[in-house]
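As a plain string of letters, each chain reads:
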Amino acid sequence: MGSNIAAALKAELPELTLITPSDSTFEATRACFIKRDADVPSAIARPQNAQQVQTLVQYCTKNGVDFVVRSGGHDCAGRSQVAGALSIDMRDIKHVNISADEKTATVGGGILFRDLVAALDARGLVTPVGTVASVGYVGWATLGGYGPFSTSHGLGVDQIVGAKLVNAKGELVEAGAELLQGIRGGGGIFGVITELTIKVYPLKELFTTLLIYDPSDLKTAWTNYAEGYEKLVAAEPLPRALQLQPFGIELPGLGKVLAIGATWADADQEEGKKWFGKIAALGTCIMNNPEPKSVSAFTAFNETLVVYGSYGRGYTLNLGKYSKKTAEVLAKYTEAIPGGGIAVSVHSLRAPAESKESVFGSRVDHLMVELVAMTGAQDLEAKGAEWSRSLMKELRETDPENVLDSSYVSLLGDDDSDYKLIYGTHYDKLVELKKKYDPDNVFKYAVPRLLI
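The rules behind these values
Residues numbered from 1 in each chain as written. Predicted model: local features only at pLDDT ≥ 70, side-chain atom pairs only at ≥ 80, totals over all residues. Heavy atoms only, no water. Helix = DSSP H or I, 4+ residues; strand = E, 2+ residues; numbered from the N terminus. Rg over C-alpha atoms; globule rule 2.2 N^0.38 Å. Buried < 20%, exposed > 50% of the residue type's maximum accessible area, 1.4 Å probe, protein only. Areas by Shrake-Rupley, 256 points an atom, 1.4 Å probe, with all protein chains shown as cover. Lys, Arg positive; Asp, Glu negative; His and termini not counted. Charge placed at Lys NZ, Arg CZ, Asp CG, Glu CD. Contact = heavy atoms within 4.5 Å. Expected span 1.5 Å × (residues − 1). Polar contact = N/O pair within 3.5 Å; in protein donor to acceptor, adjacent residues only side chain to side chain. Patch = residues over 30% accessible without salt bridge, like charges linked within 9 Å, V, L, I, M, F, W, Y side chains within 5 Å. Salt bridge = Lys/Arg side-chain N within 4 Å of Asp/Glu carboxyl O. Phe/Tyr/Trp six-rings, centres within 6.5 Å; stacked < 30°, edge-to-face > 60°. Lys NZ or Arg CZ within 6 Å of the ring centre and 35° of its normal. Axes fitted to C-alpha atoms, helices over the stretch in contact; angles between N-to-C directions. Parallel < 35°, antiparallel > 145°, perpendicular 65-115°, else oblique. Left-handed = near helix turned anticlockwise from the far one by under 90°. Nonpolar A, V, L, I, M, F, W, Y, C, P; charged D, E, K, R; others polar.

Colleague: Could you clarify how one ought to interpret the overall build of the protein in this entry?
Modeller: When helices and strands are counted, the protein shows 13 helices and 19 strands. The C-alpha radius of gyration of the protein comes to 22 Å, within 12% of the 22 Å expected for a compact globule of 452 residues. Projected onto the principal axes, the alpha-carbon positions of the protein cover approximately 65 × 50 × 40 Å. Counting over 452 residues, the protein shows a buried share of 58%. Summed over all atoms, the accessible surface of the protein reaches about 18100 Å², with 52% contributed by carbon and sulfur. Taken together, the 45 basic and 54 acidic charged side chains of the protein have centroids lying 1 Å from each other.

Colleague: Can you walk me through the environment of Y59 in this structure?
Modeller: Tracing the backbone shows Y59 in helix 3 (residues 50-63). Counting along the chain gives 25 residues from Y59 to G84, while the straight-line C-alpha distance between them is 16 Å.

Colleague: Even after reading the chapter, I still don't get the environment of S87, so can you show me in this structure?
Modeller: Considering the arrangement of structural elements, one finds S87 in strand 4 (residues 86-89). Leave out the neighbours within four places in its chain, and S87 touches P41, A43, I44, A45, V68 and R70.

Colleague: Even after reading the chapter, I still don't get helix 3, so can you show me in this structure?
Modeller: Two residues of an α-helix separated by three or four positions point the same way, owing to the 3.6 residues in each turn. Compared with the 20 Å implied by 1.5 Å per residue over 14 residues, the 20 Å span of helix 3 between its first and last C-alpha is a close match. What helix 3 keeps buried is the set A50, Q52, V53, Q54, T55, L56, V57, Y59 and C60. Two to three positions downstream of the cap, the backbone nitrogen of Q51 sits 3.2 Å from a side-chain oxygen, assigning the N-cap of helix 3 to N49. Taken from the residues just after helix 3, G64 is the one with a positive phi, measuring 65 degrees.

Colleague: I tried to follow unusual backbone geometry on my own but got confused; where do I start?
Modeller: Note: most peptide bonds trans; most residues except glycine with negative phi. For the bond running from V447 to P448, omega is 5 degrees, close enough to zero to count as cis. Mapping P448 onto the fold places it in the segment after helix 13 (427-437). The phi dihedral of E102 falls on the positive side, at around 55 degrees, and the residue is not glycine. As for its position among the elements, E102 is in the loop between strand 5 (96-98) and strand 6 (104-108). Residue classification places E102 among the partly exposed positions, given a relative accessible area of 29%. Positive phi, normally seen in glycine, also occurs at N441, with a value near 55 degrees.

Colleague: Looking at this structure, how should I read a nonpolar patch on the surface?
Modeller: Together, L210, L254, I286 and M287 give the surface a local cluster of nonpolar side chains, amounting to about 290 Å² of exposed area. Inspection of the secondary structure assignment puts M287 in strand 15 (residues 285-288). According to the relative accessible area criterion, M287 is partly exposed, its value standing at 33%.

Colleague: What is the right way to look at the packing of aromatic side chains in this model?
Modeller: One pair of aromatic rings is described through two measures. These are the centre distance and the angle between the planes. One pass over the full model with this rule turns up 12 aromatic pairs. When the centroid spacing of 6.5 Å and the interplanar angle of 65 degrees are considered together, the rings of F113 and Y137 count as edge-to-face. Of the two residues, F113 is situated in helix 4 (residues 113-121) and Y137 in helix 5 (residues 137-142); the sequence distance between them amounts to 24 residues. The buried category is assigned to F113, whose relative accessible area is 1%. Plain terms: the ring middles of F190 and Y437 are 6.4 Å apart, the flat faces sit at 80 degrees to each other, and that makes the pair edge-to-face. One end of the pair, F190, is in the loop between helix 6 (177-186) and strand 10 (192-199); the other, Y437, is in helix 13, and 247 residues separate them in sequence. Using a relative accessible area of 25% as the deciding quantity, one classes Y437 as partly exposed. An aromatic cluster is defined as three or more aromatic residues linked by ring pairs; in this entry it consists of Y213, Y225, Y229 and Y322. Stacked on the ring of F301, the Lys or Arg K293 has its end atom at 4.4 Å from the ring centre. Here the guanidinium or amino end of R313 rests over the ring plane of Y315, the centre of that ring lying 4.1 Å away.

Colleague: Any chance you could explain the side chain of H74 here in plain terms?
Modeller: With respect to the helices, strands and loops of the structure, H74 is situated in the loop between strand 3 (67-70) and strand 4. By relative accessible area, which is 14% here, H74 ends up buried. Ignoring any residue separated from it by four or fewer positions in sequence, one finds H74 in contact with F33, V132, S134, V135 and Y308.

Colleague: Would you explain the packing of helix 10 (residues 324-335) against helix 11 (residues 381-398) in this entry?
Modeller: Any two packed helices are characterised by how steeply their axes cross, that is the angle between the axes, and by the distance between the axes. Running from N to C, helix 10 and helix 11 cross one another at 160 degrees; their axes reach a closest spacing of 10 Å. With respect to their mutual orientation, helix 10 and helix 11 come out roughly antiparallel. You can see that helix 10 and helix 11 cross each other, and the crossing is right-handed. Where helix 10 abuts helix 11, its residues K325, T326, V329, L330, K332 and Y333 lie against W387, S390, L391, E394, L395 and T398. Per-class residue counts for the contact of helix 10 with helix 11 are 6 nonpolar, 3 polar and 3 charged.

So this is what it looks like as structure tokens:
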């Protein structure tokens, strides 16, 4: 079947880059962040432009060929891999065109963080991105987009001002206001996004530090941080430039620790240094190394900390605040980390902008707990899943009032995604738009996988 599809596509699109299982580059090209040995595509198509994407979608719909779209391949449940489907790999569509007034940029549908931030760095500009260089921008931004700029400049989803996509009929269309609303939070469920127009901002670099607290008593470290953080927030608004990402993680030479990845997204780095000091003072801090970093350097360094081709998956839930009960559970499970790079990370969104122009659901102050149950050690995969599920269960049982209904769709799997809770008041609108723009569910493998 795969060879027949490949031959037919080559006949229809002779110039198409098509990689089949017999090609020496097939395994390296199909590799994703989550390793799924059984989910082998029939072939991999690498379109070079929107017109080739159109031909691919037209061919697949006409001939009943299953297809899945990928770019960075960082879906934390491995959903960009579907056994026997044609993989439409967008990574060669990676242009960046910055507007003359340097307020927006148009970017290709397959661009990765590393290419986007390199182009912006060269002009002294930034746009909100996540932390790891190999992540695909479009999937990250259209489903929410947490990261070091979440509070200073907004979520990834709030940067999108325009989009072009190939729809279910294989037509290249420019999204109007209604379709843009759905894309902002609903991702690629309406079509293959070939280009986004996004906001960009003047900023030369991030100011960053890694804070590590004394690991000898993790319960004290977590509860001191939680109580101190909530007191700081109650006493004065934290600067929007300050973003804090706590980790329960195992580090070489230190063991299991509470660490804070702190970033400052503003040119006044002296003020950032003061605030890093205030956060360091929330416990017995044994490391605080503030330094300026370009966004390229920041994402490239974080890339070295992850294993591309990991076993396992991610898990998540949202919390209202750092309560003492929550801190004690996080401390307990930091101590119980199985190893192999498995970790807990806490993202935050403060004073989020209200938006009726997106379907993203979590528009309140909250903490997004990310359970990184992905590891390069296959024998730890089951332990990581058990650890994650136990942690979430204990948070829900110990501090139920603090657990929010909404959660982050990018870090969930199909089996634990309750889309009515995830999208909240926007759920009905999302379903309405899906029925209108993709009534036959041509893009059935896109996330969120709505059943309509």
